[in-house]
Amino acid sequence: MRAPRTTTVLAVAFAALFTLSSCSAPPTLVPTPTDTALPDGVTAQWYQWRSDVANGNAQVQITNGTDSAIVVSTVRVTDPRFEGAAERVRDGESTIAAGATTDITVALPTMNCDASADNGSEAEITASVKGRESTSRATLEDPLGFLSELYAKDCRLEAFTQAANIDFTGFTPSEPGSQATLELTVTPTGSATARLDAIRTTNLLTFGSGKEAYPLGLEITTGGDAASVIQIPLEPYRCDAHAVQEDKRGTIFSLEVTQDGKPGEVELAASPQLREELLSWVASWCEFGSD
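Overview of the structure.

Each value, and the rule that gives it
- Residues numbered from 1 in each chain as written.
- Predicted model: local features only at pLDDT ≥ 70, side-chain atom pairs only at ≥ 80, totals over all residues.
- Heavy atoms only, no water.
- Helix = DSSP H or I, 4+ residues; strand = E, 2+ residues; numbered from the N terminus.
- Buried < 20%, exposed > 50% of the residue type's maximum accessible area, 1.4 Å probe, protein only.
- Polar contact = N/O pair within 3.5 Å; in protein donor to acceptor, adjacent residues only side chain to side chain.
- Contact = heavy atoms within 4.5 Å.
- Pairing = 2+ DSSP bridges.
- Axes fitted to C-alpha atoms, helices over the stretch in contact; angles between N-to-C directions.

## As for the side chain of asparagine 112
- Following the sequence through the fold, asparagine 112 ends up in the loop between strand 6 (101-107) and strand 7 (121-129).
- Asparagine 112 gets classed as buried once you look at its relative accessible area, which sits at 17%.
- At 3.4 Å, the side chain of asparagine 112 and the backbone oxygen of proline 80 are in polar contact.
- In contact with asparagine 112, not counting residues within four places along its chain, are Pro80, Arg81, Phe82, Glu83 and Tyr151.

Shown next, in the form of C-alpha coordinates:
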(Lines give C-alpha, C1' and ligand atoms only; values in the text may rest on other atoms or scores of the structure.)
Protein backbone atom coordinates (compact mmCIF):
# COMPACT_ATOMS: atom_id res chain seq x y z
CA MET A 1 0.00 0.00 0.00
CA ARG A 2 1.50 3.33 -1.02
CA ALA A 3 1.90 6.05 1.56
CA PRO A 4 -0.73 8.82 1.40
CA ARG A 5 -0.02 11.51 -1.15
CA THR A 6 0.25 15.04 0.09
CA THR A 7 -1.22 18.00 -1.67
CA THR A 8 1.71 20.12 -0.49
CA VAL A 9 3.76 21.06 -3.53
CA LEU A 10 7.52 20.64 -3.21
CA ALA A 11 9.26 23.84 -4.17
CA VAL A 12 11.63 22.40 -6.75
CA ALA A 13 12.25 24.47 -9.85
CA PHE A 14 11.22 22.21 -12.69
CA ALA A 15 9.29 25.04 -14.37
CA ALA A 16 12.10 25.70 -16.83
CA LEU A 17 11.91 22.10 -18.01
CA PHE A 18 8.33 22.49 -19.15
CA THR A 19 8.59 25.93 -20.80
CA LEU A 20 11.65 25.38 -22.99
CA SER A 21 10.91 25.45 -26.71
CA SER A 22 12.47 22.99 -29.14
CA CYS A 23 14.84 25.65 -30.46
CA SER A 24 16.01 26.94 -27.07
CA ALA A 25 19.63 26.62 -25.99
CA PRO A 26 20.35 24.04 -23.24
CA PRO A 27 19.60 25.52 -19.78
CA THR A 28 22.37 26.38 -17.34
CA LEU A 29 22.30 23.83 -14.50
CA VAL A 30 22.07 26.30 -11.63
CA PRO A 31 19.82 25.55 -8.61
CA THR A 32 16.92 27.98 -8.49
CA PRO A 33 15.48 29.66 -5.36
CA THR A 34 13.82 27.37 -2.84
CA ASP A 35 10.50 29.23 -3.07
CA THR A 36 9.96 28.45 -6.77
CA ALA A 37 6.95 26.14 -7.12
CA LEU A 38 6.64 23.06 -9.23
CA PRO A 39 4.25 23.08 -12.16
CA ASP A 40 0.72 22.10 -11.22
CA GLY A 41 0.45 18.35 -10.74
CA VAL A 42 4.10 17.61 -9.87
CA THR A 43 4.53 16.79 -6.19
CA ALA A 44 7.18 15.18 -4.00
CA GLN A 45 7.44 14.00 -0.44
CA TRP A 46 9.34 11.48 1.54
CA TYR A 47 8.55 8.74 3.99
CA GLN A 48 9.81 5.40 5.25
CA TRP A 49 8.38 1.97 4.47
CA ARG A 50 8.40 -0.58 7.28
CA SER A 51 10.80 -2.59 5.13
CA ASP A 52 13.18 0.39 5.01
CA VAL A 53 13.72 0.53 8.76
CA ALA A 54 16.16 -2.35 9.20
CA ASN A 55 18.18 -1.21 6.15
CA GLY A 56 18.33 2.44 7.24
CA ASN A 57 16.65 3.65 4.05
CA ALA A 58 13.80 6.00 3.15
CA GLN A 59 11.83 6.87 0.02
CA VAL A 60 11.54 10.06 -2.00
CA GLN A 61 8.18 9.80 -3.77
CA ILE A 62 7.69 11.91 -6.89
CA THR A 63 4.31 12.15 -8.58
CA ASN A 64 4.14 13.45 -12.16
CA GLY A 65 0.71 14.88 -12.87
CA THR A 66 1.81 16.61 -16.07
CA ASP A 67 1.46 15.42 -19.67
CA SER A 68 5.23 14.93 -20.15
CA ALA A 69 7.50 12.19 -18.82
CA ILE A 70 10.17 13.10 -16.26
CA VAL A 71 13.50 11.25 -16.16
CA VAL A 72 15.02 11.51 -12.67
CA SER A 73 18.69 10.73 -12.10
CA THR A 74 20.36 12.23 -9.03
CA VAL A 75 18.37 12.45 -5.79
CA ARG A 76 20.07 13.89 -2.72
CA VAL A 77 18.48 15.08 0.54
CA THR A 78 20.18 17.24 3.15
CA ASP A 79 18.90 18.10 6.61
CA PRO A 80 20.50 19.73 9.68
CA ARG A 81 19.75 16.50 11.55
CA PHE A 82 21.99 14.52 9.19
CA GLU A 83 25.72 13.91 9.22
CA GLY A 84 26.18 14.23 5.48
CA ALA A 85 23.36 13.65 3.00
CA ALA A 86 20.81 10.98 2.12
CA GLU A 87 21.95 9.71 -1.27
CA ARG A 88 20.18 7.60 -3.86
CA VAL A 89 20.93 3.92 -3.21
CA ARG A 90 21.31 2.86 -6.84
CA ASP A 91 22.80 4.87 -9.67
CA GLY A 92 20.76 5.21 -12.80
CA GLU A 93 17.59 6.88 -14.01
CA SER A 94 13.92 6.56 -13.18
CA THR A 95 11.38 7.49 -15.84
CA ILE A 96 8.14 8.78 -14.35
CA ALA A 97 5.42 8.69 -16.98
CA ALA A 98 2.71 11.32 -17.15
CA GLY A 99 0.25 10.59 -14.35
CA ALA A 100 2.57 8.13 -12.59
CA THR A 101 4.33 8.01 -9.22
CA THR A 102 7.79 6.61 -8.49
CA ASP A 103 9.52 5.88 -5.18
CA ILE A 104 13.27 6.45 -5.17
CA THR A 105 15.22 4.80 -2.36
CA VAL A 106 17.84 6.82 -0.48
CA ALA A 107 20.21 5.68 2.27
CA LEU A 108 19.84 7.69 5.46
CA PRO A 109 23.09 8.96 7.00
CA THR A 110 24.00 8.95 10.68
CA MET A 111 22.03 11.49 12.68
CA ASN A 112 23.71 14.69 13.84
CA CYS A 113 22.48 14.80 17.42
CA ASP A 114 24.19 18.18 17.97
CA ALA A 115 21.91 19.88 15.44
CA SER A 116 20.63 23.09 16.97
CA ALA A 117 17.45 23.32 14.92
CA ASP A 118 15.12 21.39 12.64
CA ASN A 119 14.82 23.45 9.48
CA GLY A 120 13.36 20.60 7.47
CA SER A 121 14.81 18.54 4.65
CA GLU A 122 15.99 19.97 1.35
CA ALA A 123 15.90 17.84 -1.78
CA GLU A 124 18.23 18.24 -4.73
CA ILE A 125 16.81 16.45 -7.77
CA THR A 126 18.29 16.24 -11.24
CA ALA A 127 15.73 15.49 -13.93
CA SER A 128 15.16 15.93 -17.63
CA VAL A 129 12.23 16.36 -19.97
CA LYS A 130 12.68 15.53 -23.68
CA GLY A 131 16.45 15.40 -23.21
CA ARG A 132 16.76 18.74 -21.43
CA GLU A 133 18.23 18.45 -17.94
CA SER A 134 18.09 20.69 -14.89
CA THR A 135 18.94 20.42 -11.20
CA SER A 136 16.46 21.82 -8.70
CA ARG A 137 16.47 22.28 -4.96
CA ALA A 138 13.63 22.80 -2.49
CA THR A 139 12.01 21.82 0.80
CA LEU A 140 10.91 18.18 1.00
CA GLU A 141 7.76 17.49 3.00
CA ASP A 142 7.49 14.65 5.52
CA PRO A 143 3.72 14.14 5.88
CA LEU A 144 4.06 11.08 8.15
CA GLY A 145 6.67 12.69 10.38
CA PHE A 146 8.91 9.63 10.28
CA LEU A 147 12.18 11.58 10.41
CA SER A 148 11.40 13.46 13.62
CA GLU A 149 10.57 10.18 15.37
CA LEU A 150 13.65 8.46 13.96
CA TYR A 151 15.87 11.37 14.96
CA ALA A 152 14.55 11.32 18.53
CA LYS A 153 15.11 7.56 18.89
CA ASP A 154 18.57 7.54 17.34
CA CYS A 155 19.76 10.45 19.44
CA ARG A 156 18.29 8.95 22.59
CA LEU A 157 20.25 5.80 21.83
CA GLU A 158 23.41 7.85 21.23
CA ALA A 159 22.92 9.54 24.60
CA PHE A 160 22.33 6.17 26.25
CA THR A 161 25.67 4.88 24.94
CA GLN A 162 27.32 7.47 27.19
CA ALA A 163 26.17 5.15 29.97
CA ALA A 164 26.35 1.73 28.26
CA ASN A 165 26.53 -0.16 25.02
CA ILE A 166 23.77 -2.71 24.44
CA ASP A 167 23.66 -5.60 22.02
CA PHE A 168 22.04 -8.98 21.45
CA THR A 169 24.90 -11.43 21.90
CA GLY A 170 23.29 -14.85 21.77
CA PHE A 171 20.19 -16.90 21.10
CA THR A 172 19.22 -20.39 22.25
CA PRO A 173 16.29 -21.82 20.26
CA SER A 174 13.68 -24.10 21.80
CA GLU A 175 11.35 -26.93 20.91
CA PRO A 176 7.72 -26.14 20.02
CA GLY A 177 5.75 -25.19 23.10
CA SER A 178 8.77 -24.15 25.21
CA GLN A 179 10.55 -20.82 25.53
CA ALA A 180 13.77 -19.88 23.80
CA THR A 181 16.35 -17.50 25.30
CA LEU A 182 17.58 -14.24 23.83
CA GLU A 183 20.79 -12.90 25.37
CA LEU A 184 21.18 -9.16 25.92
CA THR A 185 24.59 -7.80 26.99
CA VAL A 186 24.87 -4.39 28.62
CA THR A 187 28.41 -3.00 28.92
CA PRO A 188 28.88 0.22 30.94
CA THR A 189 30.97 2.89 29.26
CA GLY A 190 31.55 4.84 32.46
CA SER A 191 30.57 8.29 31.20
CA ALA A 192 26.97 8.60 32.48
CA THR A 193 24.27 6.93 34.54
CA ALA A 194 21.02 5.48 33.24
CA ARG A 195 18.47 2.76 33.86
CA LEU A 196 17.38 0.05 31.46
CA ASP A 197 13.76 -0.46 32.49
CA ALA A 198 12.21 -3.03 30.14
CA ILE A 199 12.18 -4.58 26.68
CA ARG A 200 8.94 -4.59 24.71
CA THR A 201 7.38 -7.23 22.49
CA THR A 202 7.47 -6.98 18.72
CA ASN A 203 4.72 -7.89 16.27
CA LEU A 204 6.41 -11.30 15.95
CA LEU A 205 8.03 -12.09 19.31
CA THR A 206 6.87 -11.99 22.92
CA PHE A 207 7.94 -13.13 26.39
CA GLY A 208 4.98 -15.33 27.27
CA SER A 209 2.02 -14.91 29.63
CA GLY A 210 0.65 -12.06 27.55
CA LYS A 211 3.36 -9.64 28.68
CA GLU A 212 3.78 -6.54 26.53
CA ALA A 213 7.08 -5.74 28.25
CA TYR A 214 9.69 -7.81 30.07
CA PRO A 215 11.09 -5.93 33.11
CA LEU A 216 14.85 -5.45 33.28
CA GLY A 217 15.38 -2.87 36.04
CA LEU A 218 19.11 -2.56 35.42
CA GLU A 219 20.82 0.46 37.00
CA ILE A 220 23.92 1.64 35.14
CA THR A 221 26.38 3.72 37.16
CA THR A 222 29.58 5.56 36.27
CA GLY A 223 31.56 3.41 38.69
CA GLY A 224 30.55 0.10 37.17
CA ASP A 225 32.64 -1.56 34.48
CA ALA A 226 31.43 -5.17 34.45
CA ALA A 227 29.09 -6.21 31.66
CA SER A 228 25.65 -7.52 32.59
CA VAL A 229 24.29 -10.45 30.59
CA ILE A 230 20.51 -10.78 30.69
CA GLN A 231 18.68 -13.91 29.57
CA ILE A 232 15.29 -12.98 28.11
CA PRO A 233 12.62 -15.68 27.60
CA LEU A 234 11.16 -15.65 24.11
CA GLU A 235 8.33 -17.24 22.19
CA PRO A 236 6.41 -16.44 19.00
CA TYR A 237 3.75 -13.76 19.38
CA ARG A 238 1.60 -15.71 16.95
CA CYS A 239 1.99 -18.59 14.53
CA ASP A 240 1.26 -16.89 11.23
CA ALA A 241 3.32 -18.07 8.27
CA HIS A 242 2.46 -14.93 6.30
CA ALA A 243 3.73 -12.73 9.18
CA VAL A 244 7.10 -14.50 9.08
CA GLN A 245 7.40 -14.42 5.29
CA GLU A 246 6.51 -10.72 5.14
CA ASP A 247 8.34 -9.70 8.30
CA LYS A 248 9.67 -6.14 8.37
CA ARG A 249 10.07 -5.20 12.04
CA GLY A 250 9.58 -8.44 13.96
CA THR A 251 13.20 -8.53 15.16
CA ILE A 252 13.52 -4.84 16.05
CA PHE A 253 12.94 -4.40 19.79
CA SER A 254 12.04 -1.24 21.70
CA LEU A 255 13.72 -0.83 25.07
CA GLU A 256 12.35 1.46 27.77
CA VAL A 257 15.12 3.54 29.32
CA THR A 258 15.46 6.37 31.81
CA GLN A 259 18.27 8.91 31.56
CA ASP A 260 18.64 12.23 33.36
CA GLY A 261 15.30 11.45 34.98
CA LYS A 262 13.54 11.33 31.62
CA PRO A 263 11.88 8.12 30.37
CA GLY A 264 12.01 7.21 26.70
CA GLU A 265 12.49 4.38 24.24
CA VAL A 266 15.41 3.28 22.09
CA GLU A 267 15.39 0.66 19.35
CA LEU A 268 17.72 -2.30 19.13
CA ALA A 269 17.65 -4.46 16.00
CA ALA A 270 18.88 -8.02 15.70
CA SER A 271 21.85 -8.43 13.39
CA PRO A 272 21.10 -9.94 9.96
CA GLN A 273 22.45 -13.31 11.12
CA LEU A 274 20.43 -13.27 14.35
CA ARG A 275 17.35 -12.16 12.44
CA GLU A 276 17.61 -15.24 10.21
CA GLU A 277 18.05 -17.46 13.29
CA LEU A 278 14.97 -15.97 14.94
CA LEU A 279 12.78 -16.30 11.86
CA SER A 280 13.91 -19.90 11.28
CA TRP A 281 13.17 -20.73 14.91
CA VAL A 282 9.67 -19.23 14.71
CA ALA A 283 8.97 -21.31 11.59
CA SER A 284 10.18 -24.46 13.35
CA TRP A 285 8.41 -23.65 16.64
CA CYS A 286 5.14 -23.08 14.80
CA GLU A 287 5.73 -26.20 12.71
CA PHE A 288 5.10 -24.46 9.40
CA GLY A 289 4.98 -26.98 6.61
CA SER A 290 4.20 -29.90 8.90
CA ASP A 291 1.50 -32.38 7.94
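## What about the side chain of threonine 206?
- Tracing the backbone through its elements, the reader meets threonine 206 in strand 12 (residues 205-206).
- Polar contacts involving the side chain of threonine 206 include one to the main-chain carbonyl oxygen of lysine 211, which spans 3.3 Å.
- Look past the residues within four positions of threonine 206 in its chain and what remains in contact with it is Thr201, Lys211, Pro233, Leu234, Glu235, Pro236 and Tyr237.

## Quick word on the sheet that holds strand 11 (residues 194-200)
- Strand order in this open sheet of four strands is 13-11-15-16, and the pairing throughout is antiparallel. Single-partner strands in this sheet number two, and they are strand 13 (213-220) and strand 16 (262-269). Along the sheet, successive strands turn relative to each other by an average axial angle of 25°, direction set aside.
- Bridge analysis of strand 11 against strand 13 gives six bridges, and the strand direction is antiparallel. Opposite arginine 200, over in strand 13, you have alanine 213 as the bridge partner.
- With respect to the sheet, helix 3 (residues 146-160) is in contact with strand 11, strand 13, strand 15 (252-259) and strand 16, its orientation differing from that of strand 16 by roughly 95°.

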